[in-house]
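As a plain string of letters, each chain reads:
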Amino acid sequence: MIANYGYKDGAGEFFISIDTEKCASCVEKPCVKACPEQIFYIYEDDYDDEVVGVRDKSRNQLQYICAPCKPSTGEPKLTCTEACTSGAIKHSW
Amino acid sequence: MVFEKKEYWRWKEYNWKNPDTDWRKANIITAGVDVGSVSSQAVIMCDGELYAYSTMRTGSNSPNSALNAINWAMESTGLSLDDIHFKVGTGYGRVNIPFADKAITEIACHARGANYMYGPTVRTILDMGGQDCKAIHCDEKGKVTSFLMNDKCAAGTGRGMEVFADLLNISIEEVGDRSLQVEKEPEPVSSTCVVFAKSEAIALLRSGWSTEKVLAAYCLAMARRVVSLIERNGMELDFAITGGIAKNDGVVSRIEKEMGVKALKPKHDTQIAGALGAALFAKALVEKSGEK
C-alpha cells in the first residue's frame, strides 16, 4: 500500500509517501529516530503489518516541519530517506 | 414572536432493515459503526448480507453517537448488542466506541464497503466525507493499495456544502439538482476555502447572480478540488464515490465531466460505505478466530 500523508494547497503539494510493503520488511525502522522533528511513528496497520506512519499533528504542516532538512539550493539529502534503507519513503516536493 | 430559522443543511436521518431476513437463523451477526465528524452510521450484517442500518448526525459525544446509531439500527429487530458476535468501530470517533471489539481506519473500511456496494471491479474510490475527502485505490478484494486524504480545509467536504445550503436557503437535498439548472456553466468560485467561498458567494448574489448559478459555481469548485486529489493518487477504472456528497448530482456530474469517466451507480445509501466495510471486517475477524 502507498500511504500518502500530507496535503495540497495554494503553495503546492506536500506529501510524504510510504510504501508499506517495503516498510513492513524493515525490522529496525531507523527513519523514526533519524527524523529530527519526530514526525514518524510505528503502528500496526489494518492488514496487521507493522509500518511507519506520519503523526496526525504533523501531516498538515509538512511544508514547514520538513523545511529545515530541505536546502533551497542543491540536491537535498533528507535524513529520513537516507535512513530508510528499503526505499519506502518519498517526498513529493 | 420567536424567529425560527429553518435548518436547510439538515439531511435525512433514517433507519432501515431487510424484512426478508431473520437474524435468528444467521450463523454470524456482525456490526460496523462509523462515527464520522458530521454523521454516524451503524450497519448490521447477517452472514455477510446487509440486514439493517441507520444514519444520523454525530453529536458532541462520540460514545453516545455510536450507541444511538447502533440502537437505532437495531430498533424493532429484537436484536441486542449481546446478540452481535463482533463489532468494529471506524471513522474519526472509532477509538471512543465503548462496545466495539476492534477499531479499523475508515480508509480500509470504505474500500471494503465500496467493494461490497459496487462490486469487485471498483479500483478507485472517492470518499467525500463530512470534514475530509479521501482518494483510495483498492484491489479486487477491497484491500487498499494506496490512499490520499485531505482534511486540511473544508473544501470538497459535506460540511462545506451544508454551509452553502444554509447560506442560500436551499435544502441540502436539492442543492445538486438546482445547481444543474443553469444554461451555461459559470466559472467556479475562486476560493476553495469555505469561509472565503461563502463571502464570494454573497458578493456574486449581490452582483445579480441567481441562486442556481452560485450553486453551480460552488459545485464546480468542489469538483475541481477533489479531482486534483484523485489525479494525485491516480485514476483506475472502475470509479465509485462514497459519502454524503455522492448523493449530490451537481457535484458528481461535474466530477465525471472533469475526469472524463462515469462513476458507478450505488445500490445502497453511499453514506453507509464505511460502516458496511467495518461490518465486513468484523465478519472476517470472526471467521479468522475460528469461533464460528
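Structure report, in brief.

Rules behind the numbers
Residues numbered from 1 in each chain as written. Chains lettered and ligands numbered in written order. Predicted model: local features only at pLDDT ≥ 70, side-chain atom pairs only at ≥ 80, totals over all residues. Heavy atoms only, no water. Helix = DSSP H or I, 4+ residues; strand = E, 2+ residues; numbered from the N terminus. Rg over C-alpha atoms; globule rule 2.2 N^0.38 Å. Buried < 20%, exposed > 50% of the residue type's maximum accessible area, 1.4 Å probe, protein only. Contact = heavy atoms within 4.5 Å. Areas by Shrake-Rupley, 256 points an atom, 1.4 Å probe, with all protein chains shown as cover. Lys, Arg positive; Asp, Glu negative; His and termini not counted. Charge placed at Lys NZ, Arg CZ, Asp CG, Glu CD. Polar contact = N/O pair within 3.5 Å; in protein donor to acceptor, adjacent residues only side chain to side chain. Axes fitted to C-alpha atoms, helices over the stretch in contact; angles between N-to-C directions. Parallel < 35°, antiparallel > 145°, perpendicular 65-115°, else oblique. Left-handed = near helix turned anticlockwise from the far one by under 90°. Buried area = accessible area lost by both parts, 1.4 Å probe. Salt bridge = Lys/Arg side-chain N within 4 Å of Asp/Glu carboxyl O. Pairing = 2+ DSSP bridges. Core = buried A, V, L, I, M, F, W, Y, C linked by side-chain atoms within 4.5 Å. Domains from an automatic or database assignment.

Some details on the overall build of chain A
Summing up its helical and strand segments, chain A has five helices and five strands in all. Listing every helix and strand of chain A by position from the N terminus yields β-β-α-α-β-β-α-α-α-β. By the compact-globule yardstick of 12 Å for 93 residues, chain A fits well, its C-alpha radius of gyration being 13 Å. Taking the principal axes of the C-alpha coordinates as reference, chain A spans close to 35 × 25 × 20 Å. For chain A, buried positions account for 44% of its 93 residues. Nonlocal contacts in chain A, meaning residues at least 24 apart in sequence, comprise 51% of its contacts between residues at least 6 apart. If you sum the accessible surface of chain A, you get close to 5000 Å²; carbon and sulfur atoms cover 49% of it. Separation between the mean location of the 10 positive side-chain charges and that of the 15 negative ones in chain A comes to 6 Å.

Thoughts on the side chain of S179 of chain B
Residue position: S179 of chain B is located in helix 4 (residues 175–179). Among the polar contacts made by the side chain of S179 of chain B, one reaches the main-chain carbonyl oxygen of G176 of chain B at a distance of 2.7 Å.

Comments concerning the packing of helix 5 (residues 194–206) of chain B against helix 6 (residues 211–233) of chain B
Each pair of packed helices gets described by two things: the angle between the helix axes and the distance between those axes. Residue and element names in this part refer to chain B. Put simply, helix 5 and helix 6 touch, their axes get as near as 10 Å, and they point 150° apart. One finds that helix 5 runs roughly antiparallel with respect to helix 6. In this structure, helix 5 meets helix 6 at a crossing whose hand is right-handed. Contact residues: helix 5 offers V194, A197, A201, L204 and L205, while helix 6 offers T211, V214 and Y218.

Some details on the interface of chain B and chain A
At the interface, 19 residues of chain B touch 17 residues of chain A. In this assembly, chain B packs against chain A so that about 1700 Å² is buried in total across both faces, 46% of it on carbon and sulfur atoms. The interface formed by chain B and chain A includes four salt bridges. Here K288 of chain B and D48 of chain A are joined by a salt bridge, their closest N and O atoms 3.3 Å apart. Along the contact surface separating chain B from chain A lie 14 residue pairs in polar contact (both at pLDDT 80 or more). For the side of chain B that touches chain A, the elements supplying multiple residues, two or more each, are strand 9 (144–150), helix 6 and helix 8 (273–289) of chain B. Looking at which element gives the most residues to the side of chain B that touches chain A, the answer is strand 9 of chain B, with six residues.

Digging into the sheet that holds strand 2 (residues 12–19) of chain A
If you trace the seven strands from one edge of the open sheet to the other, you get 5(A)-2(A)-1(A)-9(B)-8(B)-7(B)-10(B), paired in mixed fashion. The strands lining the two open edges of the sheet, one partner per strand, are strand 5 (89–91) of chain A together with strand 10 (239–242) of chain B. On average, adjacent strands in this sheet sit at an angle of 15° to one another, irrespective of strand direction. As paired strands, strand 8 (residues 133–138) of chain B and strand 9 of chain B are joined by six bridges and run antiparallel to one another. Bridging from a neighbouring strand, K134 of chain B pairs with M149 of chain B of strand 9 of chain B.

Concerning the pairing of strand 8 of chain B
Residue and element names in this part refer to chain B. Most of strand 8 is tucked away, with six of its six residues classed as buried. Alternating positions in strand 8 separate into two faces, C133, A135 and H137 on one and K134, I136 and C138 on the other, with burial throughout. In sequence, strand 7 (residues 124–128) turns back onto strand 8 through a hairpin of four residues. A loop of five residues connects strand 8 with strand 9, the two strands running antiparallel in sequence, and G142 in this loop sits at a positive phi of about 85°.

Examining the nonpolar core
In terms of nonpolar packing, the biggest core is built from 57 residues, with I16, I18, I39 and F40 of chain A together with V43 of chain B touching the most fellow members. Shared between two domains, this core holds at least three residues of each, these being domain 1 (14–117 + 271–289) and domain 2 (120–259) of chain B. In this view, I39 of chain A contacts I16, G53, V54, R55, S58, L62, I65 and C66 of chain A; residues no more than four positions away in its chain are not counted. By size, the runner-up hydrophobic cluster in this structure holds 43 residues, among which are F164, I170, I255 and A263 of chain B.

Bear in mind that shape data such as this cannot, by itself, settle questions of function.
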